[in-house]
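# Working through the structure, step by step
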Amino acid sequence: MNRTALAFWLRSPGHGEIRDVTLPEPAAGDVVVRTLFSGVSRGTESLVFRGGVPESQHRAMRAPFQDGEFPGPVKYGYLNVGLVEEGPPHLAGRTVFCLYPHQTRYVVPAGAVTPVPDSVPAARAVLAGTVETAVNALWDAAPLVGDRIAVVGAGMIGCSVAALLARFPGVRVQLVDADPARAGVAAALGVDFALPGGALDGCDLAVHASATEAGLVRSLELLAPEGTVLELSWYGDRRVSLPLGEAFHSGRLVVRGSQVGRVSEARRSRRTFADRLALSLDLLSDPAFDALVTGECAFAELPSVLRDIAGGDLPGLCHRVRYDGA
């Protein structure tokens, strides 16, 4: 059978296009998925679109089903929700999440898809990859009951982290961002909001997700002695400077990175990536997460939309892509 599909490719930095692709014949144990929605991972995909992935990070930045190489041509993306058209009986007809790029149909091993719970609408499930990053961040941070926490940067990742922290008993959590419009998102997630200058200090933990030098510096300033900054931002080929004089040593402060692509060391012996993703999809049964989707377009519009997102002309949080009729 001749199987064809349409896929978004970055031809070269700053230039995206829709291409015809031929799908492989599915092997035993594969699934054929028709995409319903995909999501734009705003920070990472903007970096890829601009050609800003450092050569030293080309291997580390590969998406699971990426085709091509950085800086291009490359097919990149990893927030895909679709319907299984062919596959094992336990998956046939199911809505699934997969770390697959923006493409109308695709063939992958059955183990590469995760069923979406009936309680989670397919349109919301595109956030699974983002919430999964937040889950791993909190496994790394291991916040305690009653902690005072600042989440600096109210993008997709920061908002997801704040939404999960709001469920912790006794925790004081404040979402901090330079854009006052993000106060409405914070309210929808059930967390307090502050501009950087008005944020509460004395924090046991600051989770930094603004991808700016100013945000990382402010995160350090908000810590109590022996507090920790968990750094979630990805800077690509940009360098940042930190004030490691001042109170850094006397306060015994910590800056710690969180590895997005693998399960934290503390959990690796008993929790897998599949566990983390399934948990993330379960957490998305909360309709509060709908506040993180702030834009939508048709698949055919994706080349121009990604250009506008990468150029800063289309602000927002998660941008969802529809595939009806694609």
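Below is a summary of the structure that appears in this document. (Residues numbered from 1 in each chain as written. Predicted model: local features only at pLDDT ≥ 70, side-chain atom pairs only at ≥ 80, totals over all residues. Heavy atoms only, no water.)

With the rule as written, the count across this model stands at five aromatic pairs. A centroid spacing of 5.9 Å and a plane angle of 85 degrees characterise the contact between Tyr76 and Tyr78, whose relative ring orientation is edge-to-face. No difference in accessibility class separates Tyr76 from Tyr78, as the two residues are buried. With centroids separated by 4.1 Å and ring planes inclined at 10 degrees, the aromatic side chains of Tyr100 and Tyr106 adopt a geometry described as stacked. Note on accessibility: Tyr100 and Tyr106 belong to one class, buried. When the ring centre of Trp9 is taken as origin, the NZ or CZ atom of Arg19, which lies over that ring, is 4.6 Å away. In this arrangement the basic side chain of Arg320 is found over the ring face of Phe37, its NZ or CZ atom lying 5.8 Å from the centre. (Phe/Tyr/Trp six-rings, centres within 6.5 Å; stacked < 30°, edge-to-face > 60°. Buried < 20%, exposed > 50% of the residue type's maximum accessible area, 1.4 Å probe, protein only. Lys NZ or Arg CZ within 6 Å of the ring centre and 35° of its normal.)

With respect to the element layout, Leu195 can be found in the loop between β12 (192–194) and β13 (203–208). Judged by relative accessible area, Leu195 falls into the partly exposed class, the value being 41%. Separated by 163 residues in the primary sequence, Leu195 and Val32 have C-alpha atoms spaced 46 Å apart. Those residues within four positions of Leu195 in sequence are excluded, and the remaining contacts are Val176, Asp177, Ala178, Asp179 and Pro180. (Helix = DSSP H or I, 4+ residues; strand = E, 2+ residues; numbered from the N terminus. Contact = heavy atoms within 4.5 Å.)

Next up on the list: the state of the cysteines. For the coordinates displayed, the defined rule picks out zero disulfides. Distance from the sulfur of Cys297, which forms no disulfide, to the nearest cysteine sulfur (Cys318) is 10 Å. Note on Cys318: relative accessible area 0%, which makes it buried. (Disulfide = S-S within 2.5 Å.)

A few words on the sheet that holds strand β15 (residues 254–257). Judged by pairing direction, the sheet is parallel, and its six strands sit side by side in the order β12-β11-β10-β13-β14-β15 without closing on themselves. Each edge of the open sheet carries a strand with a single partner, namely β12 and β15. Pairs of neighbouring strands in the sheet enclose a mean axial angle of 25 degrees, with direction left out of account. With five bridges connecting them, β13 and strand β14 (residues 223–231) associate as parallel partners. When the sheet's bridge partners are listed, Cys203 is paired in β14 with Leu223. The strands touched by helix α5 (residues 213–221) are β10 (148–152), β13, β14 and β15; relative to β14, the strand with the most contacts, the crossing angle is about 150 degrees. (Pairing = 2+ DSSP bridges. Axes fitted to C-alpha atoms, helices over the stretch in contact; angles between N-to-C directions.)

Here we take up unusual backbone geometry. Pro71 follows Phe70 through a cis peptide bond whose omega is 0 degrees. Locating Pro71 in the fold gives a position in the loop between β4 (67–68) and β5 (74–75). The omega torsion of the bond from Gly72 to Pro73 falls at 0 degrees, within 30 degrees of zero and hence cis. Residue placement: Pro73 occurs in the loop between β4 and β5. Of note, Glu226 is a non-glycine position whose phi angle comes to about 65 degrees, a positive value. Examined against the element boundaries, Glu226 turns out to sit in strand β14.

Let's shift gears to α5. Among the residues of α5, Gly215, Leu216, Val217, Arg218, Ser219 and Leu220 are the ones counted as buried. Buried residues along α5 sit against β10, β13, β14 and β15.

A large share of strand β17 (residues 318–322) lies buried, amounting to four of its five residues. The pairing of strand β3 (residues 30–40) with β17 spans four bridges and is classified as antiparallel. Note on β17: the bridge partner recorded for Val40 is His319. In the sheet, strand β16 (residues 293–298) pairs with β17 via five bridges, with the strands oriented parallel. By the bridge assignment, Gly295 is partnered in β17 with His319. In this region the chain leaves β16, passes through helix α7 (residues 302–310) and returns to the parallel neighbour β17; the handedness of that crossover is right-handed. (Right-handed = clockwise from strand over helix to strand, strands pointing away.)

This part is about the side chain of Ser219. Following the sequence through the fold, Ser219 ends up in helix α5. With residues near it in sequence (within four places) discarded, Ser219 still touches Val152, Ala206, His208 and Val229.

Volume-wise, the second largest pocket comes out at about 150 Å³. Around the second largest pocket sit 13 residues that line it, and Leu220, Glu221, Ala247, Phe248 and Leu253 are the ones nearest its centre. Going through the elements one at a time, α5 and β14 are the ones with two or more residues in the lining of the second largest pocket. Residues that form the lining of the second largest pocket fall into these classes: nine nonpolar, two polar and two charged. (1 Å grid on protein atoms, 1.4 Å probe; cavity = no way out; pocket = protein on both sides within 12 Å on 5 of 7 lines; lining within 4 Å. Points joined across faces, edges and corners; volume = space filled by probe spheres on them. Nonpolar A, V, L, I, M, F, W, Y, C, P; charged D, E, K, R; others polar.)

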